[in-house]
Amino acid sequence: MREMNISFGRSWFCLNAGMLLAGAASVCASNWPGFRGPDGAGIGAGEMPPVHFAPTSNLIWKAELPPGLASPVIWKDRLFILAEHGGKLSTICFDRLSGRQEWANSVVVEKLEPVHDANSRATSTPVTDGKMVYVYFGSFGLLAYDFSGKESWRKPLPMPKTSQDQGTGTSPVLAEGKLILFVQIGNESYLLAVSPEDGHDLWRAPMPIFNNSYATPMVWQEEHVGLVGLVCSQRFTAFALADGQEAWWVNGLGFQACSTPVAAGDRLVIATAGLHGEASNMTPPPSFDEMFKKYGHDSDGLIDYEEIPDELLFTDRKTSDGQGNMSLKQALRLVGVKNGAKLDRDHWESCRARLTGFRSGKYNQTSVLAVRVGGKMDVTPSRVLWRQTTGVPEIPSPLVWQGRLYLIRSGGLLACRDLDTGSLLYDNRIDAPGGYFASPVLADGRIYLASDRGTITVVKTGDAFEVLAHNDLGDPIIASPAMAENILYIRSAKRLWAFGLKGN
């Protein structure tokens, strides 16, 4: 085993003839070519990375890395990753076996995309076809580099417009000789297909509505015809890969679309969350009497807004640093309460009723469903096989393996469902609290779950819940892991890690 410190730097199943995934450039076990690897499924076919590892155990190499949330992608002996530092948007290439940095290219823009504190301007995961690596920065657009680092082409794109300036989360994908990207600019949003050879437009599919999404497009085939789908707030839409025409759609989804769907046999699994995640993240405000007893100190019988503790939460997303939480004082401002206000019983109970209604209303409905592919136009009534509304993550994508669906959500809660029926097999704490942003990956019948506290929990697949290991790297993890040739690659806040068993 060798440790190096460097500065700056598959899907298991064979799908049936009517449902072959079209997006993977290769299914070679040594390649992890895009977001969530081959087929976008998060499965390392034939891979056997270690179960137990740490900064001093089963470490092959580690490299210091500038900030960013993009996941690593791999083709043979090359690993590519994106970063942002000092206003530079960088594409970095490493030798994946040694950790040696091969090259780094950067672009500088006049204006950087506005993003949420929990996001980054280097969030999109690159994609490669073995000849070129294609990258997307919301602040710039698309870039293509060959494996020596030479820029082949660039395509500036409009600055994204996302809800409340949270920033882009989508990544490009390759399918049938097309590079596909979701360009989110409000009512002028569109799904874009360009030529990987030179970046010229092949088609644009306008999305004037149902266009709020942080997910990555997914690709599959129906009766040998390629499709690309995108989950957005309230709707999943399938487009023809040939020309971008709408083929079919499913309505009635949640209002927050962050996780990327997966294909499994003849169906797709789609998960969407509420605006504040699950309703269980939100605590209804106490009654006037409870609140006044705890925090009312004046003789006027009113609740003084300024006396409400800042740490009293309305929304707790269970992240390590409180990202995404909303205090009760912040929530009250949303219903018209201003600084310095004094609330009598009627005013307080009115605000309480509105916030309680918001908690249980349509904007916070979560949904995970299985839809049988095919059909035309609106297939919601005819092809949705099952739908469940509990145990749904906000950001991590679903993982499917051997007829089971796995969903990890913040707080360290892992739900397992039967893929055919949607019935819950278990919903257990993995004893690794914190926020979960990274999507799970799987190899050798083991699931790897990374938390924003820097712990990677390894769980055995199957109907019986079993934790195999907790591996603490001591550095927050937001990006989804990658793997190749039995080596697990993890991007944490400050580093890129490679873990493998000695001798592999």
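Presented here is a report on the structure given in the accompanying data block.

### Here's the deal with the overall build of the protein chain
Line of reasoning, step 1. A tally of regular secondary structure across the protein chain gives four helices and 38 strands.
Line of reasoning, step 2. Whereas a compact globule of 504 residues would reach a radius of gyration of roughly 23 Å, the protein chain reaches 23 Å, a difference of no more than 12%.
Line of reasoning, step 3. Dimensions of the protein chain, computed from the C-alpha atoms along their principal axes, are close to 75 × 55 × 55 Å.
Line of reasoning, step 4. Classification of the 504 residues of the protein chain by burial places 58% in the buried group.
Line of reasoning, step 5. In the protein chain, which carries 48 positive and 53 negative side-chain charges, the distance between the mean positions of the two groups comes to 2 Å.

### Re the sheet that holds strand S5 (residues 88–95)
Note on sheets: strands pair through backbone hydrogen bonds, and any given pair is parallel or antiparallel.
Line of reasoning, step 1. Taken together, four strands build an open sheet; the order of strands is S3-S4-S5-S6 and the sheet is antiparallel. The open sheet is flanked by strand S3 (73–75) and strand S6 (101–108), the only strands paired with a single partner. When strand polarity is set aside, the average angle formed by the axes of neighbouring strands in this sheet is 25°.
Line of reasoning, step 2. The pairing of S5 with S6 spans seven bridges and is antiparallel. Looking at S6, one finds that Thr91 is bridged to Asn105.

### Notes on unusual backbone geometry
Line of reasoning, step 1. For Asn58, which is not glycine, the phi dihedral falls at a positive 55°.
Line of reasoning, step 2. Along the chain, Asn58 turns up in the loop between strand S1 (5–6) and strand S2 (59–64).
Line of reasoning, step 3. Unusually for a residue other than glycine, Gln234 sits at a positive phi of about 80°.
Line of reasoning, step 4. Mapped onto the secondary structure, Gln234 falls in the loop between strand S16 (225–232) and strand S17 (235–240).

### Regarding empty space enclosed by the protein
Line of reasoning, step 1. Approximately 30 Å³ is the volume found for the second largest cavity.
Line of reasoning, step 2. Its residues placed into classes, the lining of the second largest cavity shows three nonpolar, five polar and one charged.

### Describing the pattern of salt bridges
Line of reasoning, step 1. Per the stated rule, a full pass over the model turns up 25 salt bridges.
Line of reasoning, step 2. Arg121 is the partner of Glu84 in a salt bridge, and the nearest nitrogen-oxygen pair spans 3.3 Å. Of this pair, Glu84 sits in strand S4 (residues 78–85) while Arg121 sits in the loop between S6 and strand S7 (127–128), placing them 37 residues apart in sequence.
Line of reasoning, step 3. On the basis of relative accessibility, which here comes to 22%, the residue Arg121 falls in the partly exposed class.
Line of reasoning, step 4. Across the salt bridge formed by Asp266 and Arg372, the nearest N and O atoms sit 2.2 Å from each other. Highlighted residues: Asp266 in the loop between strand S19 (262–264) and strand S20 (267–272) and Arg372 in strand S25 (residues 367–372), separated in sequence by 106 residues.
Line of reasoning, step 5. In the salt-bridge network here, residues are joined through shared partners; they are Asp77, Arg78, Asp95, Arg100 and Glu102.

The rules behind each value
- Throughout, residues of each chain are indexed from 1 in the direction in which the sequence is written.
- At least 70 in pLDDT is required for a residue's local features to be given in this predicted model, at least 80 for side-chain atom pairs to be given and counted, and no such filter applies to totals for whole chains, interfaces and linings, which use all residues.
- The side-chain values count all of the structure's non-hydrogen atoms but skip hydrogen atoms and water molecules.
- Numbering of helices and strands starts at the N terminus; helices are DSSP runs of H or I of at least 4 residues and strands are runs of E of at least 2.
- It is over C-alpha atoms that the radius of gyration is taken, and the globule rule equals 2.2 Å times the number of residues to the power 0.38.
- For every residue, the accessible area (1.4 Å probe, protein chains only) is compared with the maximum for its type, and the residue is labelled buried under 20%, exposed over 50%, or partly exposed between those bounds.
- Residues counted as positive are Lys and Arg, residues counted as negative are Asp and Glu, and His and the chain ends are not counted.
- For the purpose of locating charges, the reference atoms are NZ of Lys, CZ of Arg, CG of Asp and CD of Glu.
- Note on pairing: DSSP must find at least two bridges between two strands before they are called paired.
- To obtain an axis, a line is fitted to C-alpha atoms, over the contacting stretch when the element is a helix, and the angle between two such axes runs from 0 to 180 degrees between their N-to-C directions.
- With a 1 Å grid spanning the protein atoms alone, the term cavity applies to any set of points in which a 1.4 Å probe fits but cannot get out, the term pocket to an open set with protein on both sides within 12 Å along at least five of seven lines, and the term lining residue to any residue with an atom within 4 Å of a point.
- Grid points are joined across faces, edges and corners, and a volume is the space filled by probe spheres set on the points.
- Residues are grouped as follows: Ala, Val, Leu, Ile, Met, Phe, Trp, Tyr, Cys and Pro are nonpolar; Asp, Glu, Lys and Arg are charged; all remaining types, including Gly, are polar.
- Salt bridges are defined as contacts in which a side-chain nitrogen from Lys or Arg sits within 4 Å of a carboxyl oxygen from Asp or Glu.

Geometric values such as these leave the question of function open.
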